[in-house]
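These are the residues of each chain, in order.
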Amino acid sequence: VSVEIRPCDPSEIGAVLDLWRRAGATPSATDTDEAIARLIEAPQAALLAAYDGGTMAGTVIAGWDGWRGSVYRLAVAPSHRRRGIAAMLVEAAGRELATMGARRISALVEHDHPLAVGFWDAAERIGYHRDPRMVRYVATREQ
Ligand SMILES: CC(C)(COP(=O)(O)OP(=O)(O)OC[C@H]1O[C@@H](n2cnc3c(N)ncnc32)[C@H](O)[C@@H]1OP(=O)(O)O)[C@@H](O)C(=O)NCCC(=O)NCCS
């Protein structure tokens, strides 16, 4: 596929939210115009999108916290699945994180999201393996 990957522009925030809805990404408290605008401006993060011609076909967020890199919101439009676009996005996120300084990268993946687990279980070939040692604890704070 001739897919181009590049950082999202603030004018594309609506398209990003729409893609996440269509892709069935689990909604979160930060699925807002303001939060995505902040993400796009953040110096140690990237919101990358894959484009098939003029169509936004997928996204990924890469974030570097100074210690580890993280990958979030990997989502590909239903019309564009199983063409290697998610793998390309993860590779692009990895390159972006390496440029920022990250040597180790984590992806948080929901156990009960079969498409996500299907993808990540096959991601050995692009260098990711499941880490059974870890469990996640979360907090959500009011602004
Ligand atoms: C998960 C998701 C991003 C995968 O996108 P994709 O572009 O179809 O994935 P790719 O084409 O790059 O898949 C690469 C490989 O992963 C594996 N894979 C991908 N989707 C799979 C599935 N549904 N079941 C089993 N294996 C799968 C396959 O081995 C595939 O290679 P192959 O097509 O040659 O067999 C997409 O299904 C999606 O957006 N799902 C909804 C949102 C979501 O779950 N996001 C993940 C949050 S962490």
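For the structure itself, look to the data block above.
Residues numbered from 1 in each chain as written. Predicted model: local features only at pLDDT ≥ 70, side-chain atom pairs only at ≥ 80, totals over all residues. Heavy atoms only, no water.

Colleague: Where do I start with the side chain of Ser 70 in this structure?
Modeller: Tracing the backbone shows Ser 70 in strand 4 (residues 69–76). The buried category is assigned to Ser 70, whose relative accessible area is 15%. (Helix = DSSP H or I, 4+ residues; strand = E, 2+ residues; numbered from the N terminus. Buried < 20%, exposed > 50% of the residue type's maximum accessible area, 1.4 Å probe, protein only.)

Colleague: Please clarify how the site of the ligand should be interpreted in this entry.
Modeller: Taken together, 20 residues lie around the ligand, and Leu 74, Val 76, Arg 82, Gly 84 and Arg 125 are the ones closest in. In the model, a nitrogen atom of the ligand is placed 2.6 Å from a nitrogen or oxygen of the Leu 74 main chain. Taking 920 Å² as the accessible area of the ligand by itself, protein coverage stands at 78%. When contributions to the shell around the ligand are tallied by element, the ones reaching two or more residues are strand 4, helix 3 (85–100) and helix 4 (114–121). (Near = heavy atom within 4 Å. Polar contact = N/O pair within 3.5 Å; in protein donor to acceptor, adjacent residues only side chain to side chain. Areas by Shrake-Rupley, 256 points an atom, 1.4 Å probe, with all protein chains shown as cover.)

Colleague: Please clarify how the nonpolar core should be interpreted in this entry.
Modeller: A general tendency of soluble globular proteins is for nonpolar side chains to be buried together. Core analysis: the largest hydrophobic core is formed by 21 residues, its most contacted members being Val 60, Val 71, Ile 85, Leu 89, Leu 97, Trp 120 and Tyr 128. Considering every element that reaches this core, the biggest residue donor is helix 3, with seven residues. Non-local contacts of Val 71, meaning those with residues more than four positions away in its chain, are made with Val 60, Ile 61, Ala 93, Leu 97, Ile 105, Ser 106, Ala 107, Leu 108, Trp 120 and Tyr 128. Ranked by size, the runner-up nonpolar core spans 19 residues in total, among them Val 16, Ala 49, Met 56 and Ile 61. (Core = buried A, V, L, I, M, F, W, Y, C linked by side-chain atoms within 4.5 Å. Contact = heavy atoms within 4.5 Å.)

Colleague: How do you make sense of unusual backbone geometry when you look at a structure like this?
Modeller: Excluding glycine, most residues fall at negative phi; most peptide bonds, likewise, are trans. Of note, the phi angle at Arg 73 is positive, near 50°, even though the residue is not glycine. Turning to its location among the elements, Arg 73 is positioned in strand 4. Of note, Arg 82 is a non-glycine position whose phi angle comes to about 60°, a positive value. Tracing the sequence through the fold places Arg 82 in the loop between strand 4 and helix 3.

Colleague: What is the right way to look at the sheet that holds strand 1 (residues 4–7) in this model?
Modeller: Read from one edge to the other, the open sheet built from five strands follows the order 1-2-3-4-5, with strand pairing classed as mixed. Of all strands in the sheet, those bounded by a partner on one side alone are strand 1 and strand 5 (105–107). This sheet shows a mean twist of 25° between the axes of neighbouring strands, independent of strand direction. Strand direction decides the pairing type here: strand 2 (residues 45–52) and strand 3 (residues 55–64), joined by eight bridges, are antiparallel. Bridging across to strand 3, Ala 49 finds its partner in Thr 59. Its contacts with the sheet place helix 3 against strand 1, strand 2, strand 3, strand 4 and strand 5, and it is angled at close to 155° to strand 4. (Pairing = 2+ DSSP bridges. Axes fitted to C-alpha atoms, helices over the stretch in contact; angles between N-to-C directions.)

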